[in-house]
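# Report on the structure
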Amino acid sequence: MSKLITFFCFLSFFNVFAQSKATISGNIKSSENENLIGVNISFKAKDFQAFSIADSLGNFSVNVPLGELKIKIDQAGYIPQDIQFKVKKDTFVSIVLEKDIAHLKEVIISNDKKSAITNLSNGKLSFNVKELSSVPTVLGTTDIIKILQLTPGVQNSGDANGYFYVRGGDPGHNAILYNGTPIYGMSHLLGIFPFYNADHIKDVEFDKSSSNAKYGGRLSSTTLLNSNKKLPSEFGIQGNLGILASQLSIAAPFSSKTGLYISGRKTYIDEIVGPILKSGSKSNDVQDMKYGFSDGNLTFLSQVSKNNLFVIDAFASGDELKIKDENLALKTSLKWSNFTVSPSLITTISPKVSMSNAVYFSQYSNDLKMEQATIEFEVSSYVKDFGFINSVQYFIKNIPIESGLQYVYHNLQPQKVNVENFATTNNNIQDKINANEAAIFTNAKPRITEKLVADLGLRINYYNSGSDSYLHFQPRIVLNYFASEKYSFYASYNKQYQYLSLITTSSVGIPTDFWIASSDGIKPQSSNEFSIGSNQNLSRNWTSSLGGFYRSMKNLLEYPYGVTQFNEITTFKNDLYVGEGKAYGLETMLKKSNGKFSGWLSYTLSWSDRNFDELNNGKTYFAKYDRRHNLSLVGMYDLNSKWNFGLTQVFSSGNRFTMPTSWYFINNNPVKEYSGYNNAQMPNYIRTDISANYYFIKTAKKESVFNFSIYNTFNIANPIYVVLDVEVNENKDKVVVSQKEKVLYRILPSISWRFKF
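Basis of the calculations
- Residues numbered from 1 in each chain as written.
- Predicted model: local features only at pLDDT ≥ 70, side-chain atom pairs only at ≥ 80, totals over all residues.
- Heavy atoms only, no water.
- Pairing = 2+ DSSP bridges.
- Helix = DSSP H or I, 4+ residues; strand = E, 2+ residues; numbered from the N terminus.
- Phe/Tyr/Trp six-rings, centres within 6.5 Å; stacked < 30°, edge-to-face > 60°.
- Buried < 20%, exposed > 50% of the residue type's maximum accessible area, 1.4 Å probe, protein only.
- Core = buried A, V, L, I, M, F, W, Y, C linked by side-chain atoms within 4.5 Å.
- Contact = heavy atoms within 4.5 Å.
- Axes fitted to C-alpha atoms, helices over the stretch in contact; angles between N-to-C directions.
- pLDDT = per-residue confidence, 0-100.
- Polar contact = N/O pair within 3.5 Å; in protein donor to acceptor, adjacent residues only side chain to side chain.
- Salt bridge = Lys/Arg side-chain N within 4 Å of Asp/Glu carboxyl O.

With that settled, consider the pairing of strand E21 (residues 330–350). As defined by bridge partners, strand E20 (residues 308–325) adjoins E21 across 18 bridges and the pair is classed as antiparallel. By the bridge assignment for E21, Ile312 is matched with Pro343. Of the pairings in the sheet, the one linking E21 to strand E22 (residues 353–372) comprises 18 bridges and is antiparallel in character. Paired with Phe339 across the strands is Gln363, a residue of E22. Where E21 folds back onto E22 in an antiparallel hairpin, the turn is made up of 2 residues.

Following this line, the structure appears as structure tokens:
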């Protein structure tokens, strides 16, 4: 009986204690009804102080004592708000921030500026694409992939492809999601031109660790490309007219509840691209080269009811490169394309509950045809996805939670090879692969103390292909400690599995790379990643970040051959090498967000190792894109209302490659010997880009801008690969070795006119 009384008293006192505090949660939006991320929020009461940052959905939550409470909301580019009220119980608040617009018309443009890049917890970054228009690019429009390469922890891939490498991972370890739909191809002409139309994309969220359990299937980063989800209120046109390509975007309202955004791009560079590609070589063998690409984006919006928004997103791109050389009797045609479409329904059930459902289709394919003399060669591949995504956002005890389920059906053709001549026909067709992948996920963001917030996630994946089935649990843990209004710290752990893998067949990013799925004993890749770091608000305009990471990877795949092998006694599975890897490093960033001068400085010091039994005699070696140092400087300067300027300075250590260390003769023929795999290093990569924008018109609704950009301003030769020519003297008693560096292009000037009305 005494135990029962004690237990009852405990519950009573516990109830009194619980009632002494309440949870304040809420959502922060702009006056344009868009969720604001990274907003600083401070809470003050008697003998109490706490801090929070709005997440990627604009949500926040904090436990506060009962009584008088003052909330301060501060975001660059918006008018700060102070809210004061008496807390009596758990409360949900909706906050709308107005843009910071000065009284003088001449100052409106400078004060109405949002931060181009925002630091979020756990090393995440958010990009406002519109505010990055001053960063120099080849076409005079924002290149999202190259912007990512200028941030900490991201390695640039050089001048030969559109890939990027994050925290020591491989190119296929990064997920690119266009409005939630995976994109498998990601380059126009070896990465020279921007792959994504920045006019159609409103913002970009980049997570180097894929710490959100909603996203899976890759070992490394997740990049979310989000188009505009606000109904257009009036008809508008914007675009870019350049010497290499042009683009046009249209916003068209059909009614007060229906509208669309549509964008397109096209090149006209058949007579220009040939000289560009040959600029780094003295060879004049190529007599005819033609290249062209086009792409299009569409976003259809319909507010079918007060609480339901119907959206259709679509993206299509197509590239074709043709080379003809009569001296070699050679004809080559390379085509690659992407297509995605995704209808979705976003439903607001209550102020605390919302749900989204989407189905999608995504396809990437490439096809290479070569004719030389009497031989015809063709190789092709594709990957197709049919998927469904469900997500529910809600609160339990004022804890923000997101849960959902996903399903995708994969259909792949890794490689289909056909070689024909007058006598024989040789077909090498890798079997098509069908796979099913299902997942459930949940993310919760409980506040453990006033200053410690957890971001907890769990993703459970089931994968099946043929006789191979896998069930994997993938926990994601992030702890954020807000020491003060200026300093915050984080620590995280992520477990990842990857079932579809990219096989690279060349060192220069030619789109003959193909995807395979885990099947026939090919195991999924996996990784464990740990990271720690901190963010510092040095002042209203200056912020900095510092972090470190360690990642271990298993079941990595390496394909040591070119396009394919024509060997009847082997199989594709036996040709794949399986190994392990690890990567670790330090990352730092210093950023200025507002004022006439803005930009950032980022530096990464990292190591990336690999270990395959079949390579380097089983000894650990440096990965191909192990670049010890990566330094990037981005500066944007607004001189006045007419002129602004941009500068990009990139320095990184060279890529690793394998070089022979000695030669000997067999039947008077030189034979190479190698001391180790990836035993040599390319020259350091150095590039300086500049741009200038002159505004004829610059208002909120109209814009007319002349852009002049120079890519690789100082004409530095950055080789894409090195070849060794081995020659024997006349007496055949001495080997002469000469090293030749192949350069894709050097200086690239660009002129364009950007407009909006």
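Once that is clear, we can look at the packing of aromatic side chains. This structure, assessed with the given rule, holds 27 aromatic pairs. On the basis of an interplanar angle of 80° and a centroid distance of 4.8 Å, the ring pair of Phe195 and Tyr196 is categorised as edge-to-face. Taking the relative accessible area as the measure of exposure, Phe195 reaches 2% and is therefore buried. Seen in terms of ring centroids, Tyr196 and Phe315 are 6.2 Å apart; in terms of plane orientation they differ by 35°. Their pairing is tilted.

In the Ramachandran plot, Arg167 falls in the positive-phi region, its phi being about 50° despite a non-glycine side chain. Even without a glycine there, the phi angle at Asn678 is positive, about 50°.

Moving on, we get to the sheet that holds strand E14 (residues 201–207). With respect to topology, 6 strands assemble into an open sheet ordered E8-E9-E14-E15-E12-E13, the strand pairing being mixed. The sheet terminates laterally at strand E8 (117–119) and strand E13 (181–182), the two strands that pair on one side only. Two strands pair when backbone bridges link them, and strand E9 (residues 125–128) and E14 are joined in this way by 4 bridges, in the antiparallel orientation. When the bridges of E14 are listed, Leu125 appears paired with Phe206.

Among the nonpolar cores identified, the biggest contains 71 residues, and Phe127, Phe164, Phe193, Tyr196 and Trp600 are the most heavily contacted of them. If we skip the residues at most four places from it in the chain, Tyr196 touches Thr142, Ile144, Ile145, Ile176, Ile183, Gly185, Met186, Ile201, Leu225 and Arg265. In terms of nonpolar packing, the next biggest core, distinct from the first, is built from 21 residues, Val39, Ala54, Phe60 and Val87 among them.

Attention now goes to the sheet that holds strand E6 (residues 81–87). Ordered in space as E3-E2-E5-E6, the 4 strands form an open sheet in which the pairing is antiparallel. Two strands lie at the open edges of the sheet, namely strand E3 (48–53) and E6, each paired on one side alone. Each strand of the sheet is rotated relative to its neighbour by a mean of 20°, with strand direction disregarded. Examined bridge by bridge, strand E2 (residues 40–45) and E3 share 6 bridges and lie antiparallel to one another. If you follow Ser42 over to E3, its bridge partner there is Phe51.

Mapped onto the elements of the fold, Lys756 is located in strand E47 (residues 748–756). Taking the relative accessible area as the measure of exposure, Lys756 reaches 26% and is therefore partly exposed. Each C-alpha atom of the pair Lys756 and Glu703 lies 4.7 Å from the other, and the pair is 53 residues apart in sequence.

This brings us to the side chain of Ser317. By the element assignment, Ser317 lies in strand E20. The contacts of Ser317, once residues within four sequence positions are left out, are His188, Phe195, Ser294, Asp295, Trp336, Ser337 and Asn338.

Put simply, side chains in a regular strand alternate between the two faces of the sheet. Of all the 10 residues making up strand E1 (residues 21–30), 8 are buried; the element is thus mostly covered by neighbouring parts of the structure. The pairing of E1 with strand E4 (residues 59–65) spans 7 bridges and is antiparallel. Its bridge partner being in E4, Gly26 is matched across the sheet by Phe60. Note that E1 and strand E7 (residues 91–97) share 7 bridges and pair parallel. Counterpart to Asn27 in the pairing with E7 is Ser94.

The next subject is the environment of Val154. As for its placement among the helices and strands, Val154 is situated in strand E10 (residues 154–156). In sequence terms Val154 and Arg167 are 13 residues apart; their C-alpha atoms lie 6.4 Å from each other. Apart from the residues within four sequence positions on either side, Val154 is in contact with Leu148, Gln149, Phe164, Tyr165, Val166, Phe206 and Asn630.

Overall, the prediction assigns the protein a mean pLDDT of 82, with 83% of residues at 70 or greater. Here residues 101–112 is a poorly scored stretch, pLDDT under 50, and it has 9 contacts once near neighbours within four places are set aside; other chains count. Confidence over residues 280–286 falls short of pLDDT 50; this stretch has 7 contacts with residues more than four positions distant or in other chains.

Another point: the environment of Ser249. With respect to the secondary-structure elements, Ser249 resides in strand E17 (residues 245–255). Setting aside residues up to four positions removed in sequence, Ser249 forms contacts with Asn197, Asp199, Gly236, Ile237, Gln238, Ile262 and Ser263. At a separation of 2.7 Å, a polar atom in the side chain of Ser249 contacts the side chain of Ser263.

So, on to the pattern of salt bridges. Under the counting rule described, the total for this entry stands at 17 salt bridges. Residues Lys214 and Glu402 are paired through a salt bridge, measuring 3.2 Å at the closest nitrogen-oxygen approach. Taken together, the positions of Lys214 in the loop between E14 and strand E15 (222–227) and Glu402 in strand E24 (residues 399–420) put the pair 188 residues apart, joining distant regions of the chain. With a relative accessible area of 15%, Lys214 lands in the buried category. Taking the relative accessible area as the measure of exposure, Glu402 reaches 9% and is therefore buried. In this structure, Arg656 and Asp626 form a salt bridge, with 3.2 Å as the shortest nitrogen-oxygen distance. With Arg656 in strand E39 (residues 656–657) and Asp626 in the loop between strand E36 (621–622) and strand E37 (629–638), the pair connects residues that are 30 residues apart, well separated along the chain. Residues Arg656 and Asp626 agree in their burial class; the two are buried. The network of salt bridges with common partners includes Arg167, Lys208, Glu529, Arg551 and Glu587.

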